[in-house]
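# A closer look at the structure
The primary structure of each chain is shown beneath.
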Amino acid sequence: MDNEISRRKARHLEICVESDRYAIEGRRGGLRKVRFAHRAMPELDAGAIDASLDFLGHRIALPILVSCMTGGSEGGGRVNRALAQAAQEARIPVGIGSMRVLFGDDGLFPQFHVKGLAPDVPVIANLGAVQLREIGRDRVIETLKRLEVQALALHLNAGQELFQPGGDRDFRGLKEAIARLCEASPLPIIVKETGFGIGPREVDWLLGAGVAYVDIAGAGGTNWILVESYRLEGEEAEAAREFADWGIPADVLLLALSKRKSGSEKCASGSRIIASGGLRSGLDIAKAVALGAELGALALPFARAAHAGGTEGALRLVRVLELSLKAAMAMSGCVDLRALRSVPLRIGAGLEADAEELLRAEGGSG
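About the criteria used
- Residues numbered from 1 in each chain as written.
- Predicted model: local features only at pLDDT ≥ 70, side-chain atom pairs only at ≥ 80, totals over all residues.
- Heavy atoms only, no water.
- Salt bridge = Lys/Arg side-chain N within 4 Å of Asp/Glu carboxyl O.
- Helix = DSSP H or I, 4+ residues; strand = E, 2+ residues; numbered from the N terminus.
- Polar contact = N/O pair within 3.5 Å; in protein donor to acceptor, adjacent residues only side chain to side chain.
- Contact = heavy atoms within 4.5 Å.
- Phe/Tyr/Trp six-rings, centres within 6.5 Å; stacked < 30°, edge-to-face > 60°.
- Buried < 20%, exposed > 50% of the residue type's maximum accessible area, 1.4 Å probe, protein only.
- Lys, Arg positive; Asp, Glu negative; His and termini not counted.
- Core = buried A, V, L, I, M, F, W, Y, C linked by side-chain atoms within 4.5 Å.

Summed over the entire model, instances satisfying the criterion amount to 16 salt bridges. One salt bridge connects R21 with E14, and the closest N-O pair in it is separated by 3.5 Å. With its nearest N and O atoms 2.5 Å apart, the salt bridge here joins E312 to R319. The network of salt bridges with shared partners includes R11, E14, E18 and R21.

Written out as structure tokens, the structure reads:
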């Protein structure tokens, strides 16, 4: 079984990094319908812009998270190590792939134990919420201690599991398992989707249950049903391809969350939101923060950069993201992230309508 999981993880990584062979990204990524108002005379020193913030007990240099993506295979281990080294040098947090395989093969522990490579930044472990229910919180907490991580990200991936051969089909008891872990865990718990979004009502429930951060992971980035479609044949592959546009886009989710309080309180859930789902640029990250997110997370771009160029490939991507993030801040007159969170935004009419429709569908503005 564990060898089967490792083979599956290796195939997933292959599909994700070979962009010329596999089309796996949503058609509505990024935050193109959100625009800043340009300041021709921003009255600031661009060299003094500070994009740092406190996150999981560390001062990080940028509001960028290298999100959980891969693990459990030899190639995944290499990517995890490269990303951890890059995160340490760039002073940004990093997530590792699902540690499910560890509970059946402890010999894979070194692939996930990367804290020694990133001692000064938050390292985030990752596990499916369904596996939490099956493994039990005590074993999970013990493994987190061994990994020396600063948080656990529980991922919700019903869409992928439904199309994964041998995947989970029973999603009962997840809320109880998450709440019980939050009560017992000495570490912060993050809950993230895997590319189809977490709606405002579910965000509220999770934060009320004790989750430290919710990563909305909206549609527009890696579509894991499409990833699975390349491992399927016949009717199953055909059915999987019908879900190319499934989910709630990240920009709709961020704006809907932002709308539920007025004035300077951009997000009803405070700064406990992580934005992901098709973010591909520093400008996207700036827009996400301006809409109320604590930081922006990217998975696929970092996995591809590290697979192709190792640590230096990942660092090059960070440098590009930093340059465009800080340029957006400068041309918006924002010297720090606090200013960025209060800057006026121009919102496209279609996006505005989609956010309002989502709030109505979920029962109003809360």
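The next subject is the side chain of S52. Among the structural elements, S52 can be located in the loop between β1 (34–36) and β2 (53–55). Polar contacts involving the side chain of S52 include one to the side chain of R59, which spans 3.0 Å. In contact with S52, not counting residues within four places along its chain, are R59, I60, A61, L62 and L337.

What follows concerns the packing of aromatic side chains. On inspection of all chains with the given rule, the structure shows four aromatic pairs. With a centroid separation of 5.0 Å and 55° between ring planes, the pair formed by F55 and Y213 is classed as tilted. One end of the pair, F55, is in strand β2; the other, Y213, is in strand β9 (residues 213–215), and 158 residues separate them in sequence. Each ring, one from F243 and one from W246, has its centre 5.3 Å from the other, and the planes form 65°; the classification is edge-to-face. Taken together, the ring pairs in this structure connect F163, F243 and W246 into an aromatic cluster.

Mapped onto the elements, R280 comes out in the loop between β10 (273–275) and α12 (282–290). A relative accessible area of 30% places R280 in the partly exposed class. Discounting residues that sit within four places of it in the chain, R280 has contacts with E25, G221, T222, L298, L300, P301 and L321. A distance of 2.8 Å separates the side chain of R280 from the side chain of E25, its partner in a polar contact.

Take the side chain of E161 next. For E161, the position within the fold is in helix α6 (residues 158–163). R100 is the oppositely charged side chain nearest to the buried, salt-bridge-free E161, at an N-O distance of 4.8 Å. Beyond its immediate sequence surroundings of up to four residues, E161 is in contact with G167, D168, R169 and F171.

So, on to unusual backbone geometry. Phi angles above zero are rare outside glycine, and E43 is one such case at about 55°. If you trace the backbone, E43 turns up in the loop between β1 and β2. We note that A217 has phi near 40°; this positive angle belongs to a residue other than glycine. Its place among the elements puts A217 in the loop between β9 and α9 (224–229).

Attention now moves to the nonpolar core. With 108 residues, the main nonpolar core has M99, L152, F302 and L340 as its most contacted residues. Looking at this core, the element that brings in the most residues is helix α13 (residues 300–331), giving twelve residues. Not counting the four nearest positions on each side in its chain, F302 is found in contact with I64, V66, L83, A314, L317, V318 and L321.

Interpretation note: all reported values are geometric properties and have no functional meaning in isolation.
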